[in-house]
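# Reading the structure
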Amino acid sequence: MSIEHDVRAYILDNFLFTDDDSVLENQESLLERGIIDSTGVMELVAFLEEEFGIGVADDELLPDNLDSINQIVGFVLRKQRIAANA
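Now for a description of the structure that goes with this document. Per chain, residues are indexed from 1 in the order of the written sequence. Whole-chain, interface and lining totals are the exception, using all residues; otherwise, since this is a predicted model, local features are given only for residues with pLDDT of at least 70 and side-chain atom pairs are given and counted only at 80 or more. With hydrogens and water stripped out, all remaining heavy atoms of the structure feed into the side-chain values.

### Digging into the nonpolar core
- In plain words, nonpolar cores are sets of buried Ala, Val, Leu, Ile, Met, Phe, Trp, Tyr and Cys residues tied together by side-chain atoms within 4.5 Å. Only protein chains enter the accessibility calculation, which uses a 1.4 Å probe; a residue whose area is less than 20% of its type maximum is buried, one above 50% is exposed, and one in between is partly exposed. Counting residues in hydrophobic clusters, the biggest one holds 24 residues, and the most contacted among them are V7, I11, L48, F52 and I72.
- Those residues within four positions of I11 in sequence are excluded, and the remaining contacts are L16, L24, L30, I35, I69 and I72. Should any heavy atoms of two residues lie within 4.5 Å, those residues are considered in contact.

Here's what the structure looks like:
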């Protein structure tokens, strides 16, 4: 499966309680739509760390990294590249 698919499935299952892909576009703000709050961000981070084997530092808990599916996918890819080059 792809990062996008896994992240989308997690958000749909755990925050929107549906498997209907049409309820969320990849670029939509999860915060502005009220899909996740600060507790939800921490749950999402725990999922990302476990699912993709990345570490998320406190200073990376930013909307630029975690506010949409597209931003999350980009963040995970960047973290994986950094880990691969370490």
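From this point, things continue past the structure.
### Looking at the packing of helix α1 (residues 3-16) against helix α4 (residues 69-85)
- Running from N to C, α1 and α4 cross one another at 130 degrees; their axes reach a closest spacing of 10 Å. One finds that α1 runs oblique with respect to α4. Handedness of the α1/α4 crossing: right-handed. The residues of α4 that touch α1, namely those facing I3, E4, V7, R8 and I11, are I69, I72, V73, V76, L77 and Q80. Convention adopted: a line fitted to C-alpha atoms gives each axis, helices being fitted over their contacting stretch, and angles between N-to-C directions are expressed from 0 to 180 degrees. Under the scheme used here, helices are H or I runs from DSSP no shorter than 4 residues and strands are E runs no shorter than 2 residues, and both carry numbers assigned from the N terminus. Angle categories are assigned with fixed cut-offs, so that under 35 degrees is roughly parallel, over 145 is roughly antiparallel, 65 to 115 is roughly perpendicular, and the rest are oblique. Here a crossing is taken to be left-handed if its near helix is turned anticlockwise relative to the far helix by less than a right angle, and right-handed if that turn runs clockwise.

### Some details on the environment of I3
- Within the fold, I3 resides in helix α1.
- Taking C-alpha positions, I3 is 15 Å from Q27, a pair spaced 24 residues apart along the chain.
- Other than its neighbours up to four places away in sequence, I3 contacts F52, V73, V76, L77 and Q80.

### Description of the packing of α1 against helix α2 (residues 38-52)
- Closest axis-to-axis distance for the α1/α2 pair is 11 Å, and the angle between their directions is 140 degrees. At the point where α1 passes α2, the crossing takes the right-handed sense. Here I3, D6, V7, Y10 and F15 of α1 lie close against α2, whose contacting residues are G40, E43, L44, F47, L48, E51 and F52.
- Throughout, the ten residues Ala, Val, Leu, Ile, Met, Phe, Trp, Tyr, Cys and Pro are labelled nonpolar, Asp, Glu, Lys and Arg are labelled charged, and all others, Gly among them, are labelled polar. Of the residues assigned to the contact of α1 with α2, the class counts are 8 nonpolar, 1 polar and 3 charged.

### Structural notes on unusual backbone geometry
- Even without being glycine, F17 reaches a positive phi, approximately 55 degrees.
- A relative accessible area of 68% means that F17 is categorised as exposed.

### What to know about the packing of aromatic side chains
- Pairing of aromatic rings covers Phe, Tyr and Trp, the last through its six-membered ring, and needs centres within 6.5 Å; plane angles under 30 degrees mean stacked, over 60 mean edge-to-face, and all others mean tilted. Here the structure, examined in full by the defined rule, presents 3 aromatic pairs.
- Seen in terms of ring centroids, Y10 and F15 are 5.9 Å apart; in terms of plane orientation they differ by 75 degrees. Their pairing is edge-to-face.
- Judged by its relative accessible area of 14%, F15 is buried.
- Both rings, one in Y10 and one in F47, keep their centres 4.0 Å apart while their planes meet at 10 degrees; by these two values the pair is stacked. Taken together, the positions of Y10 in helix α1 and F47 in helix α2 put the pair 37 residues apart, joining distant regions of the chain.
- Take Y10: its relative accessible area is 14%, and that puts it in the buried class.
- One aromatic cluster is present, built from ring pairs that chain together Y10, F15, F47 and F52.

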